[in-house]
Amino acid sequence: MRIFETQNLSRYFDGVKAVDGVSLSFESERITALIGPNGAGKTTFINLCTGLLKPNSGRIFYNNNDITNLPPHKRVLMGISRTFQISNIFPGLTVSQNIKIPLLSGGKGALDELDRLISMFGFEKKADLLASELSHGDQRLLEIAMSLATKPKILFLDEPTAGINPAEKHKILDVIESLKEDEKLTIVIVEHDMDVVFRIAERIVVMNRGKILADGSPDEIRDDEKVREVYLKGVEI
Amino acid sequence: MMLVSLVVLSSLLIPLTGNKYALYLSTKIWILVLYAIAFNVLFGYSGLLSFGHALFFSGSAYTLAILVTRLNFPLALGFVCGIVISALFSIAVGVLSLRHREIHFAMVTLAFSMLFWGIVMKWRDVTGGEDGITGVPRGLPLFWFYYFSLAVVVLSSYFIYRFVKSDLGLILEGIRENETRVQFSGHSILKYRLYAMLVSGTFTGVSGALWALLDRTVTPTISHWTFSAVPVIVTLIGGPQNFLGPAVSTLIYVIVQDIITKYTLYWQFIFGVAILAVVLFFRGGVMGIVENYIDSLMKGGR
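Residues numbered from 1 in each chain as written. Chains lettered and ligands numbered in written order. Predicted model: local features only at pLDDT ≥ 70, side-chain atom pairs only at ≥ 80, totals over all residues.

Okay, the overall build of chain B next. Helix and strand content of chain B: 14 helices and 2 strands. Its C-alpha radius of gyration of 19 Å places chain B within 12% of the 19 Å reference for a compact globule of 302 residues. Expressed as lengths along the three principal axes of its C-alpha atoms, the size of chain B is roughly 60 × 45 × 35 Å. When each of the 302 residues of chain B is scored for burial, the buried share is 46%. When contacts within chain B are restricted to residue pairs at least 6 apart in sequence, long-range pairs at least 24 apart make up 79% of them. (Helix = DSSP H or I, 4+ residues; strand = E, 2+ residues; numbered from the N terminus. Rg over C-alpha atoms; globule rule 2.2 N^0.38 Å. Buried ≥ 20, exposed ≤ 12 C-beta atoms within 10 Å, placed from the backbone. Contact = placed C-beta atoms within 7 Å.)

Below is the structure:
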C-alpha cells in the first residue's frame, strides 16, 4: 500500500534547485534509504516531507490526503515523524521528560507508553539524567525514542548514525530494524554509510543535484553504472 | 517548601506590630511578588521576554477604578472585571505578538503597553489623564486588607506553581529549550505560548487589581513602560530559572529602594549597578548564588 507520495516537489534556495521536481512514493512497512553526494538534496527533501520547509512547487500526499500546506505539528499528529541530522533534543530536560513531551501530544493514556519506550531503548538507569549528559550515541537513540512517542506510521531518519562509534551504531541499527518488524513502520533513512544502507534498506533511492538518479533494490543500485559514476566511484560495495 | 511556609507564617505577624508604614510596604511587596512570579511564567518558563506587562497590571487596576468610582460597580465585581480585562488583553496581545521571537516579541508587547499608556494619558474624562483616578475604596481596613492580599498572592502563586510544574509547563520548558523539537512532537507552539500568556497576564491583572485597592488611586505610572521593567529587573536579579527567584528579589528590590530613596533620588543608579553585576557575574541570580552555596555546603559535609 502506498502511504506517502510526492509529486513534482521542488524547492529553491537563492536560485539553486536543492530539490528539483522529485516524484517519489513510499510503500508501507518498508525501509527505503535515500543516498547521494553532499548537496544532493536529501535533507531538503525530508524537510519538505515533514513540513520544516515549504516547497516552491509540487504536492505532498499522505494516505491520499494533500498535506502540502500543513504545519509540522499537524503532520506529526497524522503519523509522520522524524529525527534530525544533528541531535535535536531538549538538552536541559531529563531523558524521561524528553520522551514525555512528544507522548503528551497523544492525549489521555499516552503516558502509559513512557515506561515501555524507556526500557525499549535501555534508558532505565538513565531516565533521570539530563539529556545533555548522555553520550552522543545515546542522544541519537533518545531522539529516535522521541520520534516514536508520537506513534508514527512513517518515520524519516536523517543520518541516524552520523558521528557514532561502531558499537553504538549497531545498537541503533538493531533498533531501526526492530521498528519495521514490531511497530509496522515505514522508514525513510538518509545515510552516508554504505554498510548501513546495504544492511537495512529494501529499496535505495539515489539523488544527485536535486533529482532522482536511480531507484531500485540494493542489488540493482549496486550494479547501476550511473550511480557508480557519480557516487560510488572508488567505494567498495 | 519549609522555608516558604516559614516566611508566609511569619509574615502573618506583621500587622500585629501596629506599624502602618511597615504594613503598607509589606502589602506592596506581596503584590509585587505576584507581579514578578506571573511575569516569570513567560520569561523564565517560556523563554519570552515581555516588555509590556504594565499593560496587564494597569489594565486591571484602571478597569477596577473606573467601574467602581465612575459606574458605581460593587467592589468585588470591579475586582473580578479588572482581572477579566487583563485576561482578554493577554489573549489579544498574545495572538498579535506570539508569532514574533526574542527582541521582536519584546518590542511588540512594549508597543501595546505604550498604546495603552497613551490612552490613559489622553482620555481624561474616563482615566483622569495624568492625575489618574482617586477615591477607590479599599473595602477593608489596611489590617485586614493585608491578610486578604497575602491570601490572594499565596493562592495565586500556588496555582502558577502547579501550572509551570504541570505537563503543560513541561511543554513550555520544551519550547524554551528547543522550539523545533516541540513542533515535531506534535504540539502547536502558538497554542502553548498563548496559554502561558493567558496565565501570566491574568495573574498580573490580579496583582494590578490589588494594587489599585492598596493605593486607593491609580495613576499613569503603573501603565508606563518603566513599570514593565520592574518584573524584568527583579527576575534578572532573582534568577528566572527558580520559581521563587523573582519573589525573593522583589523583597530585596522594594526594601532596598525604600532605604536608598531616603538618602538619594538616584536609586535607579544603584540598581543599575546591581543588575549589571548580576547579569555579568551571576547568571543564576540571587537564587543561583543560594543554590550554589547550598550545593557547596552539601559537598563539604560529605
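Having seen the structure, we can now continue with the description.
Assigned secondary structure in chain A consists of 9 helices and 10 strands. Relative to the 2.2 N^0.38 estimate, which gives 18 Å for 237 residues, the radius of gyration of chain A is 18 Å and therefore close to what a compact globule would have. Its C-alpha atoms give chain A principal-axis dimensions of roughly 50 × 40 × 35 Å. Counting over 237 residues, chain A shows a buried share of 43%. Here the analysis covers contacts within chain A between residues at least 6 apart in sequence; of these, 67% occur between residues at least 24 apart.

Taken together, the 16 residues of chain B in the interface contact 19 residues of chain A. Residues belonging to the side of chain B that touches chain A are distributed by class as follows: 4 nonpolar, 8 polar and 4 charged. (Nonpolar A, V, L, I, M, F, W, Y, C, P; charged D, E, K, R; others polar.)

The next point concerns the packing of helix α5 (residues 136-148) of chain A against helix α6 (residues 166-182) of chain A. Residue and element names in this part refer to chain A. The geometry of α5 relative to α6 is characterised by a closest axis approach of 10 Å and an angle of 10° between their N-to-C directions. Classified by the angle their axes make, α5 and α6 are roughly parallel. Counted together, Gly137, Arg140, Leu141 and Ile144 of α5 and Glu168, Ile172 and Val175 of α6 form the full contact between these two elements. Class assignment for the residues of the contact of α5 with α6 results in 4 nonpolar, 1 polar and 2 charged. (Axes fitted to C-alpha atoms, helices over the stretch in contact; angles between N-to-C directions. Parallel < 35°, antiparallel > 145°, perpendicular 65-115°, else oblique.)

What follows concerns the environment of Phe26 of chain A. All names here are of chain A. Relative to the helices and strands, Phe26 is located in strand β2 (residues 16-27). Exposure remark for Phe26: the 22 C-beta atoms within 10 Å place this residue in the buried category. Ignoring sequence-local partners within four residues, the contact set of Phe26 consists of Ile3, Phe4, Thr32, Ile154, Thr186 and Val188.

Residue and element names in this part refer to chain A. For Asn8, which is not glycine, the phi dihedral falls at a positive 55°. With respect to the helices, strands and loops of the structure, Asn8 is situated in strand β1 (residues 2-13). The backbone of Lys151 sits at a positive phi, close to 55°, despite the residue not being glycine. If you trace the backbone, Lys151 turns up in the loop between α5 and β7 (154-158).

Residues and elements named next belong to chain A. Pairing in this open sheet of 6 strands is mixed, and the strands run β6-β7-β8-β3-β9-β10 from one edge to the other. Every other strand in the sheet has two partners, leaving β6 (80-82) and β10 (211-216) as the edge strands with one partner each. Strand-to-strand twist of the sheet, defined as the mean angle between neighbouring strand axes without regard to direction, takes the value 20°. (Pairing = 2+ DSSP bridges.)

Turning our eyes to something else, we now look at the environment of Ala76 of chain B. Here Ala76 of chain B is to be found in helix α4 (residues 75-97). Along the chain, Ala76 of chain B and Gly139 of chain B lie 63 residues apart, while their C-alpha atoms are 8.9 Å from each other.

This part covers the sheet that holds β2 of chain A. Residue and element names in this part refer to chain A. Strand order in this open sheet of 4 strands is β2-β1-β4-β5, and the pairing throughout is antiparallel. Only two strands of the sheet have a single partner each, and these edge strands are β2 and β5 (65-66). Note that β1 and strand β4 (residues 57-62) share 5 bridges and pair antiparallel. What sits directly across from Phe4, in β4, is Tyr62. Contacting β1, β2 and β4, helix α1 (residues 42-50) runs over the sheet at an angle of about 60° to β2.

For the rest of this paragraph, the subject is the pairing of β1 of chain A. Residue and element names in this part refer to chain A. Two elements, β1 and β2, share 8 bridges in a ladder whose sense is antiparallel. The residue bridging Thr6 from the neighbouring strand is Leu24, located in β2. The turn joining β1 and β2, which pair antiparallel and follow one another in sequence, is formed by 2 residues; a positive phi near 50° is taken by Asp14.

This paragraph deals with helix α3 (residues 95-103) of chain A. Burial analysis of α3 of chain A places 7 of its 9 residues in the buried class, the great majority of the element. Here α3 of chain A has its buried residues at Val95, Asn98, Ile99, Lys100, Ile101, Pro102 and Leu103 of chain A. Its buried side turned inward, α3 of chain A meets α4 (113-120) and α5 of chain A together with α8 (167-177) and α9 (179-183) of chain B.

This brings us to the nonpolar core. Among the nonpolar cores identified, the biggest contains 141 residues, and Ala145 of chain A together with Leu34, Ala61 and Ala65 of chain B are the most heavily contacted of them. No other element matches helix α2 (residues 20-46) of chain B, which puts 15 residues into this core. The residues touching Ala65 of chain B, leaving out its near neighbours within four places in the chain, are Ile133, Val136, Ala212 and Val218 of chain B. (Core = buried A, V, L, I, M, F, W, Y, C linked by C-beta atoms within 7 Å.)

This part takes up the environment of Arg124 of chain B. Residue and element names in this part refer to chain B. Secondary-structure assignment places Arg124 in helix α6 (residues 124-127). Accessibility expressed as a C-beta count within 10 Å gives 11 for Arg124, which makes it exposed. Distance in space between the C-alpha atoms of Arg124 and Arg101 is 35 Å, their sequence separation being 23 residues.

All names here are of chain B. On average, chain B scores 86 in pLDDT, and the residues at 70 or more come to 97%. Confidence scores differ between elements of chain B, with helix α14 (residues 285-301) showing the lowest mean pLDDT of 70 and helix α10 (residues 189-215) the highest of 94. Both scores are available for the predicted complex, with the pTM at 0.85 and the ipTM at 0.89. (pLDDT = per-residue confidence, 0-100.)

A few words on α1 of chain A. Judged by how many residues are buried, α1 of chain A sits mostly within the fold: 9 of 9 residues are covered. Buried residues of α1 of chain A: Lys42, Thr43, Thr44, Phe45, Ile46, Asn47, Leu48, Cys49 and Thr50 of chain A, and no others.

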